[in-house]
Amino acid sequence: MKYSLNDLAGKRVHFVGIGGAGMSGLARIMASDGITVTGSDVKESSVLSGLRAIGALIAIGHRSENIVGADYLVYSSAISADNPELIHATQLNIPKLSRAQALAVLMSGSKSIAVAGTHGKTTTTSMLTVAMQNCGEDPSFAIGGTLTISGSNAHRGAGDFFIAEADESDGSFIEYHPYGAIITNIEHDHVDYFATLQSVVDAFSAFATTISPEGFLVYCADDERTQVLGSRITHCAKVSYGTHDLADLHIDQIELQPGGSRARALWHGRAIGNIELQVPGHHNLLNASAALATGLVLGLSAPQLLAGLATFRGTGRRFELKGQVQGIRVIDDYGHHPTEILATLSAARRYATDGRILVIFQPHRYSRTRAFTNRFAAALDLADHAWVLEVYGASEKPIPGVTGMSITKLMKHGTFEPNFMAVTEAIVEEARPGDVILTLGAGDVSSLAPLIVEALGKKYQE
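Residues numbered from 1 in each chain as written. Predicted model: local features only at pLDDT ≥ 70, side-chain atom pairs only at ≥ 80, totals over all residues. Heavy atoms only, no water.

**Some thoughts on the sheet that holds strand S4 (residues 72–75)**
Pairing between the strands of a sheet comes from backbone hydrogen bonds, and it takes one of two forms, parallel or antiparallel.
No. 1: On the basis of which strands lie adjacent, the open sheet formed by five strands has the order S3-S2-S1-S4-S5 and parallel pairing. Here the strands that pair on one side only, and so sit at the sheet edges, are strand S3 (57–60) and strand S5 (96–98). Taken pair by pair, the neighbouring strands of this sheet meet at an average axis angle of 20°, ignoring direction.
No. 2: Sheet strands in contact with helix H3 (residues 46–53) are strand S2 (36–41) and S3, and its direction is about 150° off that of S3.
No. 3: Packed onto the sheet, helix H5 (residues 99–107) meets S4 and S5 and runs at close to 90° relative to S5. (Pairing = 2+ DSSP bridges. Helix = DSSP H or I, 4+ residues; strand = E, 2+ residues; numbered from the N terminus. Axes fitted to C-alpha atoms, helices over the stretch in contact; angles between N-to-C directions. Contact = heavy atoms within 4.5 Å.)

**Some words on the layout of surface pockets**
No. 1: If you add up the space inside the second largest pocket, you get close to 290 Å³.
No. 2: The wall of the second largest pocket is formed by twelve residues, among which Lys2, Tyr3, Gln101, Ala104 and Glu175 lie closest to the centre.
No. 3: Contributing elements (two or more residues each) for the lining of the second largest pocket: S5 and H5.
No. 4: For the lining of the second largest pocket, the leading source of residues is H5, giving three residues.
No. 5: The residue inventory of the lining of the second largest pocket, partitioned by class, reads six nonpolar, three polar and three charged. (1 Å grid on protein atoms, 1.4 Å probe; cavity = no way out; pocket = protein on both sides within 12 Å on 5 of 7 lines; lining within 4 Å. Points joined across faces, edges and corners; volume = space filled by probe spheres on them. Nonpolar A, V, L, I, M, F, W, Y, C, P; charged D, E, K, R; others polar.)

**Details of the packing of helix H6 (residues 121–134) against helix H9 (residues 282–297)**
No. 1: Contact geometry for H6 and H9: axes closest at 9 Å, N-to-C directions at 45°. Taken as axis vectors, H6 and H9 run oblique relative to one another. Considering the relative orientation of H6 and H9, their crossing is right-handed. Judged by residue contacts, Thr123, Thr124, Met127 and Leu128 of H6 engage Asn284, Asn287, Ala288, Ala290, Ala291, Thr294 and Gly295 from H9.
No. 2: Of the residues in the contact of H6 with H9, the class split is five nonpolar, six polar and no charged. (Parallel < 35°, antiparallel > 145°, perpendicular 65-115°, else oblique. Left-handed = near helix turned anticlockwise from the far one by under 90°.)

**A word on the sheet that holds strand S18 (residues 357–361)**
No. 1: With mixed pairing, six strands are arranged side by side in an open sheet as S16-S17-S21-S18-S19-S20. Whereas interior strands pair on both sides, the edge strands pair on one side only; in this sheet they are strand S16 (320–325) and strand S20 (414–416). Strand after strand, the sheet turns through a mean of 15° between neighbouring axes, direction not considered.
No. 2: Relative to the sheet, helix H15 (residues 420–430) contacts S18, strand S19 (385–388) and strand S21 (436–440), its axis offset from that of S18 by approximately 175°.

**Points about the pattern of salt bridges**
No. 1: All chains considered together, the criterion is met by 17 salt bridges.
No. 2: With a closest N to O distance of 2.7 Å, Asp189 and Arg368 form a salt bridge. Of this pair, Asp189 sits in the loop between strand S10 (180–183) and helix H7 (197–209) while Arg368 sits in helix H12 (residues 366–371), and the two are 179 residues apart along the sequence. The pair Asp189 / Arg368 is uniform in exposure class, with both members buried.
No. 3: With its nearest N and O atoms 3.8 Å apart, the salt bridge here joins Glu396 to Arg365. Of this pair, Glu396 sits in the loop between S19 and helix H14 (404–408) while Arg365 sits in the loop between S18 and H12, and the two are 31 residues apart along the sequence.
No. 4: Shared partners join several salt bridges into a network, and the residues in it are Asp192, Arg365 and Glu396. (Salt bridge = Lys/Arg side-chain N within 4 Å of Asp/Glu carboxyl O. Buried < 20%, exposed > 50% of the residue type's maximum accessible area, 1.4 Å probe, protein only.)

**A closer look at the packing of aromatic side chains**
No. 1: All chains considered together, the criterion is met by eight aromatic pairs.
No. 2: With a centroid separation of 4.9 Å and an interplanar angle of 85°, the aromatic rings of Tyr193 and Phe194 are classed as edge-to-face.
No. 3: Seen in terms of ring centroids, Phe372 and Phe376 are 6.5 Å apart; in terms of plane orientation they differ by 75°. Their pairing is edge-to-face.
No. 4: Taking the relative accessible area as the measure of exposure, Phe372 reaches 6% and is therefore buried.
No. 5: Three or more aromatic residues joined by ring pairs make a cluster, and in this case those are Phe173, Phe204 and Phe207.
No. 6: A cation sits over an aromatic face here: Arg329 above Tyr351, 4.7 Å from the ring centre.
No. 7: When the ring centre of Phe372 is taken as origin, the NZ or CZ atom of Arg375, which lies over that ring, is 5.4 Å away. (Phe/Tyr/Trp six-rings, centres within 6.5 Å; stacked < 30°, edge-to-face > 60°. Lys NZ or Arg CZ within 6 Å of the ring centre and 35° of its normal.)

See the structure below:
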C-alpha cells in the first residue's frame, strides 16, 4: 500500500535504527514536518543528540515496548527479520515502511531528483544541493552523508525540489518514481544482494524506467554501462555529461591540483565557464559535471551554478581533513569498494605532493571482501604502506577464510593488524612531516582519525 504525507500528518512514526545515515535524515525531515518521531538504536551518538534536540524521543536498545503507541514503523535493510520491534509491529498490525518507501512519501508533492550510481552518490547529491542553493532555490534534501557547509544530512526546504541520494544496495530505489534522476556509474557491488554484474545493470535499468515521462535522466557518458543505459531510455528527456566528445555537458582543459580541480565546461558545444572545486580528484569533476548538467536542465543560471560549486567543501567522510600536526595531514574517507579506493588514493597522491601515503583500511562486509580480494590488494598497494583491519561484518555472518589478512597476503606493502590501538600506534610511529594518513572504509574505522590526530599531537610535544 502506498502512503502520502497526509497519512503521516499528526501521527507518531517510529524508526528502528534511527541513528543510521539515511534513517536519521528522514527522521529529521519528518520532525520538521510536525510528525511525532520516536526511534531506537544500539548505542548513543552525536546524531541521536541532534535528533533529540529537535524533539525526537529515542531509546537505546531494540525492545518491543519501544513501539507501543506508534502509528507507523520505518526500518532499513540493515535491520534483521528477528528484530523485536519489527516482530512486535507485525503483531500489532502497525504499518511498516522500508527506508525507501518512507523517503518516497517525503518526496511526494515535490519535484524529486534522485541521485543514483555505484560511486559518487553522496558527493553528487551534495554538490547539486549547494549549487541550487546558490541559485536562490531552497530544495529539500536527504543525503547519505553530512553536508560540510551546513553540517546536516537532511533539510525540509521551502522550494519545489527534493534532492535525494538513491541507494541501490537492495534494489529499493525503484520506489522513488522521481521527476528527474542522475546515474553516475554502474559497477558490481553489494554482492550480498546482487549476485552478478548483470543483476546490477538490470536494477539500474528498472530504476531509470520509473522516471517521470515529463522529467529527465542525466547520465555519465564516460561510463560504458551508464552510456548504454542512457541510449536505451526513450520515455523521458536525457542529458549526458563527461569528457566524452559527444557529451551534452562536456568538460575539457582539466587541471588536477593537490587540493582541488578545475575544468572548462561546454553546454551543447558552447563554453559556459569553468568548474573550480575545492575538493581534489578527476572523479569529483565528473560529480560536479552531473550537478551542473542537472541545474542547466532545470533552467538555472550557469554562472550561479558554477559559483555554488566553487563553494563546495565536501561532505563528511569523503576525503575529509580531520586534522594536521607537523605537516602530517589526517584524512577520513568512506571508500569501501576497490574503484573508490583507487580514485581516493590517486587524489591523495597529488594531495601529498612529496609526502608518503599511509593507509588504515577496514574491509566492509565479508561478501564484498571475498568478491574483490585481489582488487582491494592492488588498489591499496598504491599507498606507500597500508594496514588492513579485520572485516567489519555489518549485518553479515563471517565467511570462513575471509579476513583482512586475505587482502594483505596479496599485497607488497600491506600489514594485517586487527587491533585498533596497535594500528594507531603503528601508523603514528611511522608517520613523518609531509605524510598523508588515510582512514578508509564504511565501518567504524572513522573513529581512529581523531585518535591519530591526538596521538600525533602528543608525539610532537615530547
